[in-house]
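Coordinate inspection notes
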Amino acid sequence: MSDENDTVAVIGLGSMGAGMARALLRAGHRVVGCDLREEARDALAAAGARVVASPSELGAEVGIVVCVVVSAEQVEDVLFGRGGLASRLRRGALFVGCSTVAPEFAVATATRLAELGVGYLDAPISGGAVKAEAGALSVMASGPPAAFEQASAVLEATAENVFRMGDAVGLGSSMKMINQLLAGVHIAAAGEAVALGAKVGLEPQTVYDVICKSAGNSWMFENRVPRILSGDYKPHSAVEIFIKDLGIVLQTAGRDRFPTPLAAVAHQLFTMAASAGMGRWDDAAVAKVYQRLSDIELP
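What this report covers is the structure whose coordinates are included nearby. Just so it is clear, the structure is predicted and the values come from calculations on it, not from any experiment.

Conventions and cut-offs
Residues numbered from 1 in each chain as written. Predicted model: local features only at pLDDT ≥ 70, side-chain atom pairs only at ≥ 80, totals over all residues. Heavy atoms only, no water. Helix = DSSP H or I, 4+ residues; strand = E, 2+ residues; numbered from the N terminus. Contact = heavy atoms within 4.5 Å. 1 Å grid on protein atoms, 1.4 Å probe; cavity = no way out; pocket = protein on both sides within 12 Å on 5 of 7 lines; lining within 4 Å. Points joined across faces, edges and corners; volume = space filled by probe spheres on them. Nonpolar A, V, L, I, M, F, W, Y, C, P; charged D, E, K, R; others polar. Buried < 20%, exposed > 50% of the residue type's maximum accessible area, 1.4 Å probe, protein only. Pairing = 2+ DSSP bridges. Right-handed = clockwise from strand over helix to strand, strands pointing away. Patch = residues over 30% accessible without salt bridge, like charges linked within 9 Å, V, L, I, M, F, W, Y side chains within 5 Å. Areas by Shrake-Rupley, 256 points an atom, 1.4 Å probe, with all protein chains shown as cover. Salt bridge = Lys/Arg side-chain N within 4 Å of Asp/Glu carboxyl O. Phe/Tyr/Trp six-rings, centres within 6.5 Å; stacked < 30°, edge-to-face > 60°. Lys NZ or Arg CZ within 6 Å of the ring centre and 35° of its normal.

Our next topic: the side chain of Ser-237. When you line up the elements, Ser-237 lands in the loop between helix H10 (219-230) and helix H11 (239-255). In this view, Ser-237 contacts Arg-224, Phe-242, Trp-281, Asp-282 and Asp-283; residues no more than four positions away in its chain are not counted.

Applying the stated criterion to the full structure yields one cavity of 30 Å³ or more. Space inside the largest cavity adds up to approximately 40 Å³. Around the largest cavity, the lining residues are Met-20, Val-66, Val-96, Cys-98, Ala-123, Ile-125, Val-139, Val-154, Leu-155 and Thr-158. In terms of residue class, the lining of the largest cavity is built from nine nonpolar, one polar and no charged.

Attention now goes to the pairing of strand S4 (residues 64-67). Both faces of S4 are covered, namely the face carrying Ile-64 and Val-66 and the face carrying Val-65 and Cys-67. Note that strand S1 (residues 7-11) and S4 share four bridges and pair parallel. Across the sheet, residue Ile-11 finds its bridge partner in S4, namely Cys-67. By the bridge criterion, four bridges tie S4 to strand S5 (residues 94-97) in an arrangement that is parallel. Across the sheet, Val-65 pairs through a bridge with Phe-95, a residue of S5. On the question of chirality, the crossover connecting S4 to the parallel S5 by way of helix H3 (residues 72-80) is right-handed.

Further remarks concern a nonpolar patch on the surface. The grouping of Phe-163, Met-165, Leu-171, Met-175, Ile-178 and Leu-182 at the surface amounts to a nonpolar patch, some 490 Å² of accessible area in total. Going through the elements one at a time, strand S9 (159-166) and helix H8 (171-199) are the ones with two or more residues in the nonpolar patch. Among the elements that take part in the nonpolar patch, H8 stands out by supplying four residues, more than any other. Checked against the element boundaries, Ile-178 lands in helix H8.

The buried fraction of helix H13 (residues 286-293) amounts to six of the eight residues, a majority that puts the element mostly inside the structure. Residues of H13 that are buried include every one of Val-286, Ala-287, Lys-288, Val-289, Tyr-290 and Gln-291, and no others. Lining the buried residues of H13 we find H8, H10 and helix H12 (261-278).

Here we take up unusual backbone geometry. Of note in the backbone geometry, Arg-257 takes a positive phi value of approximately 55 degrees without being a glycine. Tracing the backbone shows Arg-257 in the loop between H11 and H12.

Let's shift gears to the packing of aromatic side chains. Counted under the stated rule, the structure contains four aromatic pairs. Considering the side-chain rings of Tyr-208 and Phe-221, the 6.0 Å spacing of their centres and the 15 degrees angle between planes classify their relative orientation as stacked. With Tyr-208 in helix H9 (residues 204-211) and Phe-221 in helix H10, the pair connects residues that are 13 residues apart, well separated along the chain. The residues Tyr-208 and Phe-221 share a single accessibility class, namely buried. Taken together, a centroid distance of 5.7 Å and an interplanar angle of 25 degrees make the contact between Tyr-233 and Trp-281 stacked. Here Tyr-233, found in the loop between H10 and H11, pairs with Trp-281, found in the loop between H12 and H13; they are 48 residues apart in sequence, far enough to count as distant. In this structure, Arg-112 is placed above the aromatic ring of Phe-80, and the distance from its NZ or CZ to the ring centre is 3.7 Å.

Note that all results are geometric; they support no functional claim without further evidence.
Take a look at the structure:
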């Protein structure tokens, strides 16, 4: 490939970002990965990418930045913090924001980058680590047609489904907010169901097997309950992430005086898990809240 945008920086090499970076490598892109964690950098370097420890080590050689950090605060630091990237990107570069952030934050960030001649594609992602590795994510994107055109090769390499939400930055983040409302409620409901099953004498494995073949199933139930069954809460997506994501739901809905009682209860359950010391555990650990509230044992 000879396009000026071939050099793609992937910032944030967690389970999603690392998979996306490897998918881009397989598609023939020159990739530079950025993460504070040495082990994450080493793993991507072994796959053939150049790696750096800080956005301050990136610059005009990068045509597209794919940012897969956890929070708005981290996006802010990447772009505008000490040694931030925004002022070093060349005019005409594109920032692809894949993090889950409030819609108004996406709009404000796009405005600030536009003043520097840098484009913005509001492109939150969904699908989990397996689909990231396979280049089969779902992307909920919004932005100017030129931004979609510039990002087309990156999206083709990393996504199975690209949903174009419109030309206005913020619509992609709004759609991801709705997805996270459902995801958070479904995880909390899955934990509650498995815990109640244990309380009434059902084996958790039996509950899982039956529900997966029944109308009560959800993608989150099928994906998260095996972590409860194994008692393995190594974080794929941590409890704290859903405190943040459901907090965005509550903040946005509250601004518009829109009631979200289910999201509020789920948010409280994740907060209870974090208060019990499980904030950095996998989000399936919300089930452990019920173990602490009742005389049940989970694996």
